[in-house]
Amino acid sequence: MGRLSALFDPRTVAVVGATDREGAVGRAILENLRDEFDGDVVPINPTRDEVLGLECYGDVSSAPAIDLAVVVVPPDAVIETLRDAGEAGTESVVVITAGFSETGGEGATRERQLREVAAEYDLDVVGPNSLGIMSTPNGMNATFGPESAGEGSISFMSQSGAFITAVLDWANEQEIGFQDVVSLGNKAVLDETDFVREWGDDPNTDVIIGYLEGIDDGDEFIDAAREVTDDTPIVLVKSGRTDAGAQAASSHTGAIAGSERAYEVGLEQAGVIRANSVQGLFDYARALSGLPEPESDGVAVVTNAGGPGVLTTDAVGDSRLEMATFTDETIDALTETMPEEANVYNPIDAIGDADVERFGEALDIALGDPNVGSAVVVSAPTAVLQYDKLAETVIEKREDHETPVVTCLMGGERARAAEEVLREFGIPNYFDPARAVSGLDALARFREIRERTIDDPERFDVDRERAREILARATRRDDNRLGVESMDLLEAYGVPTPDGEIVDDPDRAREVAASIEGDVVMKIVSPDISHKSDIGGVNVGVANDDVYDAYEDLVARARNYQPDAAILGVQVQEMVDLDTATETIVGVNRDPQFGPLLLFGLGGIFVEILEDTSVRVAPIGADEAREMVDEIQAAPLLRGARGRDPADVEDVVETIQRLSQLVTDFPAILELDVNPLVAGPDGVQAIDLRLTVDTETLETDDTEEP
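Residues numbered from 1 in each chain as written. Predicted model: local features only at pLDDT ≥ 70, side-chain atom pairs only at ≥ 80, totals over all residues. Heavy atoms only, no water.

1. A word on the overall build of the protein
The secondary structure content of the protein amounts to 25 helices and 30 strands. Viewed in the frame of its principal axes, the protein has a C-alpha envelope of about 95 × 80 × 40 Å. Across the 706 residues that make up the protein, the buried fraction comes to 56%. Put simply, 71% of the contacts in the protein that link residues at least 6 apart link residues at least 24 apart. By element, 43% of the accessible surface of the protein is carried by carbon and sulfur atoms, the whole surface being about 29600 Å². Across the protein, the centroid of the 53 positively charged side chains sits 4 Å from that of the 143 negatively charged ones. (Helix = DSSP H or I, 4+ residues; strand = E, 2+ residues; numbered from the N terminus. Buried < 20%, exposed > 50% of the residue type's maximum accessible area, 1.4 Å probe, protein only. Contact = heavy atoms within 4.5 Å. Areas by Shrake-Rupley, 256 points an atom, 1.4 Å probe, with all protein chains shown as cover. Lys, Arg positive; Asp, Glu negative; His and termini not counted. Charge placed at Lys NZ, Arg CZ, Asp CG, Glu CD.)

What follows is the structure, given as structure tokens:
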């Protein structure tokens with residue numbers, strides 16, 4: 001175990017607020033511990049000498065040495081109780097008591113005080129507003145739930161205590177066991193990242209699962225999860241996927257819901273397998289906790305029923321897996337052993353009168369095929385088939401070939417005994433073929449996670465001080481927005497921009513245009529006008545003789561459109577050849593949980609219409625930047641589709657990385673759009689820029705290299 005070993009493997013647990021009053025939470029926790037815990041249980045209550053037959057103490061300081069204190073006192077007594085525990089040398093505390101940040105202002109103040117005391121005494125605190133924790137190896141049920149977890153290799157965390165009680169009731173019926181269980185509560189001190197790290201170091205935890213309503217520190221979570229998933233799979237259900245769900249989560253335990261897109265890409269980058277339901281959570285976990293990784297994505301299906309076989313084939317088609325193509329040797333072997341009416345191609349239909357021996361022969365031959373990475377045995381009950389014997393055969397063949405196999409023994413009570421035998425040997429049985437395939441799909445997904453390589457972000461040689469000076473312009477504005485007048489920011493970070501200048505009189509406009517070869521582009525420059533082309537604020541292909549009039553026309557259009565807009569001038573810019581190039585966008589939006597989200601996609605006027613974009617959490621390296629480019633549907637345009645000259649994709653990849661570095665270096669950048677970033681055969685050029693700056697954060701940004 002890691003640094004939280006005292007939390008999960010204490011020798012002595014105190015219940016602060018213990019009582020024998022019927023229906024009290026303090027009694028429920030004390031009873032759970034007294035009845036099952038291997039260590040010592042100490043009640044703490046200043047008004048009692050004894051509780052439920054156990055000697056009681058007035059406070060933690062007067063009790064024997066306490067490793068873990070479970071606090072069930074009123075909210076206004078929690079802070080002093082923690083201080084008492086800290087003074088007594090207790091390392092770990094679980095705060096059951098509610099009435100903290102989830103209740104509003106006064107509770108939020110109390111929770112802040114709790115964090116301060118925990119930091120002062122270096123306390124590991126679960127909660128507040130927690131159901132409690134469990135650890136099955138030592139029989140510790142430090143919760144007020146009605147069920148104790150069965151023993152197993154799955155460690156489970158949940159931001160909802162009610163979710164834990166419901167899951168344990170169901171899991172005990174399904175004979176699904178756990179290693180540790182944690183109700184996170186408000187996560188004032190310990191959060192999901194701490195438990196991911198702890199269980200990642202625990203050799204007895206095979207799978208980490210969880211129900212989360214929010215993630216407090218997204219980038220830290222990604223770093224921890226990436227490290228842990230080298231060996232241990234993480235499967236999460238994240239609620240709040242819809243706007244309504246996110247709003248409900250915000251009011252539940254004080255969680256601040258980040259954008260769903262941020263969670264989607266953040267969890268993907270972290271290597272987390274995401275389930276959309278509780279059923280999916282455990283379907284994945286059961287396969288991941290008991291089966292080896294498949295060597296390939298090819299799936300063999302062995303069945304005695306055509307309909308379920310087709311359903312299984314459809315489920316494989318809906319997953320990242322594929323139906324294995326049998327070799328000629330496999331087909332010949334199946335032809336020799338199966339009845340003439342049987343289907344010897346995948347899925348193998350051993351037909352309705354198949355007995356255990358025929359199932360075993362078909363499965364044995366299929367698992368021996370080099371194209372088969374895993375298998376599903378799908379069976380409908382018949383009079384000639386004994387499910388318990390079939391289970392033994394499946395176990396034998398799986399061990400012979402060391403290949404993952406899941407079963408779908410359809411039926412009710414008839415399948416229960418076989419299911420128990422299969423479970424004992426780590427083979428999950430599912431009633432629905434689609435769920436069986438989803439278990440195998442999770443195995444393949446985890447194999448991909450383990451095999452992936454993630455390069456470190458490159459640190460480019462940039463001019464941070466110049467960038468800081470440009471960003472500081474926002475402090476002198478009525479609002480906190482900057483636009484094309486700050487294109488030097490991109491140049492400071494090595495992003496190419498066309499020749500040009502922003503001018504505030506028509507004569508200077510003519511001078512700048514004369515210094516640029518060929519016709520120019522002219523744009524109105526105003527932080528108050530976002531969509532310049534919509535108001536006629538862009539003039540393309542302006543000849544030198546027409547520059548003066550074009551300047552006056554652009555300013556007039558802007559003032560007519562929005563009289564109160566701040567007009568900074570007109571940008572006179574070198575024309576970029578768009579006939580041989582593709583307009584893309586690189587954008588950034590800072591998410592409350594995960595920090596800067598990088599966006600890449602088809603740009604220009606189409607970005608909001610087509611929404612052909614890919615997203616990552618910054619910072620990223622070249623591999624992930626290249627993936628962003630390849631993911632968009634318009635990627636073939638960049639690669640040279642239909643006779644087009646291919647764009648310099650590596651320049652696009654580098655630009656994404658440079659902007660990733662920029663927004664990582666300066667947390668004050670809340671939003672940034674480079675649109676369009678024109679990508680052509682000769683490289684990229686940033687044509688337009690918009691960004692929003694948090695001026696207060698800018699003043700505290702560290703100016704040294706990170």
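Next comes the rest of the account.
2. Digging into the pairing of strand 18 (residues 374-379)
Across the six residues that make up strand 18, a large majority, six, are buried. The alternating pattern of strand 18 places S374, V376 and V378 on one face and A375, V377 and S379 on the opposite face, and all of these are buried. With five bridges connecting them, strand 18 and strand 19 (residues 405-409) associate as parallel partners. The partner of V377 across the bridge, within strand 19, is T407. Taken together, strand 18, helix 14 (residues 387-401) and strand 19 constitute a β-α-β crossover, and its handedness is right-handed. (Pairing = 2+ DSSP bridges. Right-handed = clockwise from strand over helix to strand, strands pointing away.)

3. Focus: the sheet that holds strand 5 (residues 68-71)
Backbone-to-backbone hydrogen bonds pair the strands of a sheet. The strands run either parallel or antiparallel. An order of 2-1-5-6-7 is seen for the five strands of this open sheet, with the pairing classed as parallel. Two strands in the sheet have a free side with no partner beyond their single neighbour: strand 2 (40-44) and strand 7 (124-126). For this sheet, the mean angle separating the axes of adjacent strands, direction not counted, is 20°. As paired elements, strand 6 (residues 92-95) and strand 7 share three bridges and run parallel to each other. The partner of V94 across the bridge, within strand 7, is V126. Running at roughly 165° to strand 6, helix 3 (residues 75-87) makes contact with strand 1 (12-16), strand 5, strand 6 and strand 7 of the sheet. (Axes fitted to C-alpha atoms, helices over the stretch in contact; angles between N-to-C directions.)

4. A short note on helix 16 (residues 433-451)
With 19 residues, helix 16 should reach 27 Å at 1.5 Å per residue; the first-to-last C-alpha distance of 27 Å fits that figure. For helix 16, the tally of buried residues reaches 15 of 19 residues, placing the bulk of the element in the interior. The distance from a side-chain oxygen at the start of helix 16 to the backbone nitrogen of A434 is 2.9 Å, and the residue carrying that oxygen is D432. (Expected span 1.5 Å × (residues − 1). Polar contact = N/O pair within 3.5 Å; in protein donor to acceptor, adjacent residues only side chain to side chain.)

5. A look at the sheet that holds strand 21 (residues 500-503)
Strand order in the open sheet made by the four strands is 21-24-22-23, with antiparallel pairing throughout. Only two strands of the sheet have a single partner each, and these edge strands are strand 21 and strand 23 (538-542). For this sheet, the mean angle separating the axes of adjacent strands, direction not counted, is 20°. In this sheet, strand 23 lies alongside strand 22 (residues 520-525) in antiparallel orientation, the contact comprising three bridges. When the bridges of strand 23 are listed, M522 appears paired with N539. Packing against the sheet, helix 19 (residues 506-514) makes contact with strand 21, strand 22 and strand 24 (569-574), and its axis sits at approximately 180° to strand 21. Its contacts with the sheet place helix 20 (residues 547-561) against strand 21, strand 22, strand 23 and strand 24, and it is angled at close to 30° to strand 22.

6. What to know about the pattern of salt bridges
Under the counting rule described, the total for this entry stands at 48 salt bridges. Residue R115 is joined to E111 by a salt bridge in which the shortest nitrogen-to-oxygen separation is 3.6 Å. With a gap of four residues between them, R115 and E111 both fall in helix 4 (residues 105-121), about one helical turn apart. The exposure class of E111 is buried, given its relative accessible area of 4%. (Salt bridge = Lys/Arg side-chain N within 4 Å of Asp/Glu carboxyl O.)

7. Focus on a negative patch on the surface
Together, D201, D219, D223, E227 and D230 line one region of the surface with negative charge. Turning to its location among the elements, D230 is positioned in the loop between helix 7 (218-228) and strand 13 (234-238). (Patch = residues over 30% accessible without salt bridge, like charges linked within 9 Å, V, L, I, M, F, W, Y side chains within 5 Å.)

8. Section: the environment of D297
As for its position among the elements, D297 is in the loop between helix 10 (278-290) and strand 15 (298-303). For D297, a relative accessible area of 19% corresponds to the buried category. Sequence separation between D297 and M410 is 113 residues; the distance between their C-alpha atoms is 24 Å. Contact partners of D297, with chain neighbours within four places excluded, come to R320, L321, E322, A444, R447 and E448. Separated by 2.7 Å, the side chains of D297 and R447 make a polar contact.

9. Brief notes about the environment of A618
For A618, the location among the structural elements is in the loop between strand 27 (613-617) and helix 22 (622-631). Of the residues examined, A618 reaches a relative accessible area of 5% and is grouped as buried. Placed 199 residues apart in sequence, A618 and E419 show a C-alpha to C-alpha distance of 45 Å. The contacts of A618, once residues within four sequence positions are left out, are P596, L598, S660, V663 and T664.

10. Overview of unusual backbone geometry
Each neighbour pair has its own omega, and for N346 with P347 the value is 10°, a cis peptide bond. Among the secondary structure elements, P347 is positioned in the loop between helix 12 (328-337) and strand 17 (348-349). The linkage connecting N675 with the following residue, P676, adopts the cis geometry, with an omega of 5°. Take P676: it is sitting in strand 28 (residues 669-680). The backbone phi angle of L52 is positive, close to 50°, even though this residue is not glycine. With respect to the secondary-structure elements, L52 resides in the loop between strand 3 (50-51) and strand 4 (54-55). Positive phi, normally seen in glycine, also occurs at E175, with a value near 60°. In this fold, E175 is placed in the loop between helix 5 (161-174) and strand 11 (178-183). For E175, a relative accessible area of 46% gives the class partly exposed.

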